[in-house]
Amino acid sequence: MKYYYDPKNRRPYKERMRNRCIAAAIFIAMCAGIGSCIYQSGASKNEKQVDLGKTEEVAASEQNNDSIFNAEIEQDSLYASEPITKAEQQAEDLANTQATVTAAVTPETPPEIDVIDSVHIKKQKNVFLAEKIDNMLRRFKPLHSAILVVEPKSNEIIAWGETRDGKVQNEPDYFVKNTFPAASLAKTITIAAAMESNRYSLNSPIPDIGAHHTLYKRQIRVPEKYTGQTIELQDAYAKSANPPLAIIGMNVGASRLKSAAKNLGYNTNFPSGIPGRSNYAPPDTGYGLAEASCGFTESTTLTPLLAAAQVRSILTKKPLEIPWAENLAPYAPQKRIALDAQKFSDNTYYGLREAMIRSITNGTARKHISTRNMARKNYNALNIGGKTGSLDGQDPHGRYEWFMGFAQSKDDPSKAIVVVILQIHDLQGFRSQPACQVAAMIINYWAHQTLWNK
């Protein structure tokens with residue numbers, strides 16, 4: 001009786017592929033086991049030969065040592081009143097050998113012990129969140145960093161952390177330092193100016209030419225009758241696309257950009273110099289205007305304290321106000337201070353907030369601020385928005401990585417926080433966890449504290 005191949009009775013493709021993978025894995029495991037057995041048997045033979053050779057050498061050396069030792073005993077007995085026994089000599093040799101080995105193994109300089117000074121933790125508003133931040137900094141070891149958490153309703157700093165040269169600091173002097181390049185955080189100025197001009201909305205199509213992380217002159221020269229690829233304004237901001245934001249900035253002009261920057265606290269001398277003056281000075285025309293519009297320049301600077309004030313202003317739809325704390329002088333105001341600052345229209349605040357949320361759901365922060373680093377119930381219970389940025393800088397030298405954003409409860413909008421993270425990495429060395437991942441862990445911990453504890 002003959003059997004014929006019937007394709008109808010063939011197993012499903014997924015099952016056949018699974019069986020093939022299992023068979024391949026079994027074959028590889030068998031080969032690895034056989035190879036390890038062969039290697040171990042060969043190694044054991046070599047070790048036996050080496051041990052045999054060592055045994056013969058040790059026996060010969062012990063015989064020579066005994067003869068020399070006996071000769072020394074006979075020689076010493078001529079001069080010493082009390083002869084030294086062989087047991088005493090062997091004990092002395094053993095002690096000398098142990099001392100030599102100990103000196104060789106012990107390092108000249110013992111490892112530095114990381115002493116945790118908790119004084120700066122206990123002084124903070126939210127001690128538990130402050131301790132969490134301190135543990136993260138000691139675990140991830142960023143070269144330079146500043147972490148700032150603000151409660152939007154009161155605008156009070158509730159927790160913070162800072163490292164300098166890889167060591168946790170007791171004072172947050174980076175909060176007021178104004179040498180940090182704003183990088184792509186400056187794109188917030190551009191879309192604010194665009195929406196204030198009433199010429200753009202979140203869904204306005206923008207020419208999208210070339211890669212998003214570059215800025216060549218050919219990418220900002222749009223033909224008169226352009227029919228190529230476009231990107232919506234909110235997606236250009238969320239994905240931190242340089243050429244589209246540069247095109248927007250050149251269209252709205254330097255005057256509107258400077259006005260929007262003023263409302264966001266740039267080029268402002270704050271009371272008592274807290275924080276330092278953040279600079280934004282785009283030229284009127286040319287490639288320099290395009291660079292400033294998308295943050296592709298080191299000349300636009302931003303302090304972490306001002307970044308937190310910008311996010312809080314967008315979230316609450318209120319004029320700019322610098323975050324404060326009672327016991328952080330001279331790194332933050334000691335009380336709320338009214339500033340002579342203008343506000344945007346409600347439509348602009350709404351657009352900025354939605355664009356920041358878009359960065360989390362469809363943009364550069366999507367990978368890390370997600371259920372990978374947050375509990376699903378916390379992620380689903382919050383509206384999270386933010387903006388990322390990265391650029392090389394000189395003071396201190398390294399790669400600057402920013403995240404500024406917020407988290408707000410969907411059920412109770414009064415429960416919210418503002419988070420700003422700045423990390424500076426060595427260009428040739430170790431890089432710690434991404435700023436977005438650190439932000440997700442902080443937001444997740446805060447949500448566990450605030451949303452579910454009764």
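Above this text sits the structure in question.
### Details of the pattern of salt bridges
Within this structure, the stated rule accounts for 10 salt bridges. Residue Glu-15 pairs with Arg-18 through a salt bridge whose shortest N-O separation is 4.0 Å. Here Arg-18 and Glu-15 lie together in helix α1 (residues 13-79), a separation of 3 residues that amounts to about one turn. Overall, the relative accessible area of 25% leaves Glu-15 in the partly exposed class. Linking Lys-125 and Glu-156 is a salt bridge whose minimum nitrogen-to-oxygen distance equals 3.8 Å. Of this pair, Lys-125 sits in the loop between α3 (119-122) and α4 (127-140) while Glu-156 sits in strand β2 (residues 156-164), and the two are 31 residues apart along the sequence. Residue class for Lys-125 comes out exposed when judged on its relative accessible area of 56%.

### Overview of the nonpolar core
Counting residues in hydrophobic clusters, the biggest one holds 78 residues, and the most contacted among them are Ile-157, Leu-305 and Trp-402. Once residues within four sequence positions are removed from consideration, Ile-157 is found in contact with Lys-125, Leu-148, Val-149, Val-150, Leu-305, Pro-323, Trp-324, Ala-325, Leu-328 and Ala-332. Core analysis: the next-biggest nonpolar cluster, separate from the first, contains 34 residues, Ala-130, Leu-137, Cys-436 and Ala-439 among them.

### Concerning the packing of helix α5 (residues 187-196) against helix α11 (residues 346-362)
Orientation of α5 relative to α11, taken along the N-to-C sense of each, is 140°, at an axis distance of 9 Å. In terms of their interaxial angle, α5 and α11 are classed as oblique. In this structure, the crossing between α5 and α11 has a hand that is right-handed. Where α5 abuts α11, its residues Thr-188, Ile-191, Ala-192, Met-195 and Glu-196 lie against Thr-348, Gly-351, Leu-352 and Ala-355. For the contact of α5 with α11, a count of residues per class yields 5 nonpolar, 3 polar and 1 charged.

### Notes on a nonpolar patch on the surface
A cluster of nonpolar side chains, Ile-22, Ile-26 and Met-30, forms an exposed patch at the surface whose accessible area comes to about 300 Å². Tracing the backbone through its elements, the reader meets Ile-26 in helix α1.

### Remarks on the packing of α5 against helix α8 (residues 254-263)
Running from N to C, α5 and α8 cross one another at 110°; their axes reach a closest spacing of 8 Å. Judged by the angle between their axes, α5 and α8 are roughly perpendicular. Considering how the two elements wind past one another, α5 and α8 form a crossing that is right-handed. Contacts from Ile-189, Thr-190, Ala-192 and Ala-193 of α5 reach α8 at Arg-256, Leu-257, Ala-260 and Ala-261.

### With respect to the sheet that holds strand β6 (residues 382-394)
Taken in spatial order, the 6 strands of this open sheet run β3-β2-β1-β8-β7-β6, and their pairing is antiparallel. Here the strands that pair on one side only, and so sit at the sheet edges, are β3 (167-168) and β6. Of the pairings in the sheet, the one linking β2 to β3 comprises 2 bridges and is antiparallel in character. Across the sheet, residue Arg-164 finds its bridge partner in β3, namely Lys-167. Sitting on the sheet, α4 touches β1 (144-151), β2 and β3, and the angle it makes with β2 is about 15°.

### Brief notes about the pairing of β1
Each regular strand shows side chains that alternate between the opposite faces of the sheet. Summarising burial for β1: 8 of the 8 residues are buried, a large majority. In β1, alternate side chains face the same way, and those of His-144, Ala-146, Leu-148 and Val-150 on one face and Ser-145, Ile-147, Val-149 and Glu-151 on the other are all buried. Here 7 bridges tie β1 to strand β8 (residues 416-425), and the two strands are oriented antiparallel to one another. In the strand pairing of β8, Val-149 is matched with Val-419. The pairing of β1 with β2 spans 7 bridges and is classified as antiparallel. Its bridge partner lying in β2, Ser-145 is registered against Thr-163. Taken together, β1 and the strand that follows it, β2, pair antiparallel across an intervening segment of 4 residues, in which Asn-155 is found at a positive phi of about 60°.

### Points about the pairing of β2
With 8 of its 9 residues buried, β2 lies for the most part within the structure. Counted between consecutive antiparallel strands, the loop separating β2 from β3 contains 2 residues, among which Asp-165 sits at a positive phi close to 55°.

### Focus: the packing of aromatic side chains
For the structure shown, the criterion picks out 5 aromatic pairs. An angle of 50° between the planes, with centres 5.8 Å apart, marks the rings of Phe-180 and Tyr-400 as tilted. Here Phe-180 is found in the loop between β3 and α5, whereas its partner Tyr-400 is found in strand β7 (residues 397-409), with 220 residues between them in sequence. The two residues Phe-180 and Tyr-400 agree in class, both being buried. Here the aromatic residues Tyr-174, Phe-180 and Tyr-400 are joined through ring pairs into a cluster of three or more.

### Focus: the environment of Leu-302
Structurally, the position occupied by Leu-302 is in the loop between α9 (287-294) and α10 (304-316). Setting aside anything within four residues of it in sequence, one finds Leu-302 in contact with Lys-177, Phe-180, Ala-182, Leu-185, Tyr-266, Ser-278, Ala-307, Gln-310 and Trp-402.

### What to know about α11
A rise of 1.5 Å per residue sets the reference length of α11, with its 17 residues, at 24 Å; its end C-alpha atoms lie 24 Å apart and thus fit the reference within 8%. Three or more residues of α11 are buried, namely Thr-348, Tyr-349, Gly-351, Leu-352, Arg-353, Ala-355, Met-356, Ile-357, Ser-359 and Ile-360. For α11, the elements touching its buried residues are α5, α6 (233-238), α10, β6 and β7.

### Side note on the side chain of Asn-263
Following the sequence through the fold, Asn-263 ends up in helix α8. Residue contacts for Asn-263: discarding those within four places in its chain leaves Leu-320, Gln-342, Lys-343 and Phe-344.

### A look at unusual backbone geometry
Between Ile-274 and the following residue, Pro-275, the backbone shows a cis peptide bond with an omega angle of -5°. Mapped onto the elements of the fold, Pro-275 is located in the loop between α8 and α9. A cis amide bond links Asp-395 with the next residue in sequence, Pro-396, at an omega value of -5°. Among the structural elements, Pro-396 can be located in the loop between β6 and β7. Residues other than glycine seldom take positive phi values, yet Ser-240 does so here, at roughly 55°. Of the residues examined, Ser-240 reaches a relative accessible area of 13% and is grouped as buried. A positive phi angle, near 60°, is found at Ser-272, a position not held by glycine.

Parameters and conventions
- Residues numbered from 1 in each chain as written.
- Predicted model: local features only at pLDDT ≥ 70, side-chain atom pairs only at ≥ 80, totals over all residues.
- Heavy atoms only, no water.
- Salt bridge = Lys/Arg side-chain N within 4 Å of Asp/Glu carboxyl O.
- Helix = DSSP H or I, 4+ residues; strand = E, 2+ residues; numbered from the N terminus.
- Buried < 20%, exposed > 50% of the residue type's maximum accessible area, 1.4 Å probe, protein only.
- Core = buried A, V, L, I, M, F, W, Y, C linked by side-chain atoms within 4.5 Å.
- Contact = heavy atoms within 4.5 Å.
- Axes fitted to C-alpha atoms, helices over the stretch in contact; angles between N-to-C directions.
- Parallel < 35°, antiparallel > 145°, perpendicular 65-115°, else oblique.
- Left-handed = near helix turned anticlockwise from the far one by under 90°.
- Nonpolar A, V, L, I, M, F, W, Y, C, P; charged D, E, K, R; others polar.
- Patch = residues over 30% accessible without salt bridge, like charges linked within 9 Å, V, L, I, M, F, W, Y side chains within 5 Å.
- Areas by Shrake-Rupley, 256 points an atom, 1.4 Å probe, with all protein chains shown as cover.
- Pairing = 2+ DSSP bridges.
- Phe/Tyr/Trp six-rings, centres within 6.5 Å; stacked < 30°, edge-to-face > 60°.
- Expected span 1.5 Å × (residues − 1).

In short, the description is geometric, and any link to function would need to be established separately.
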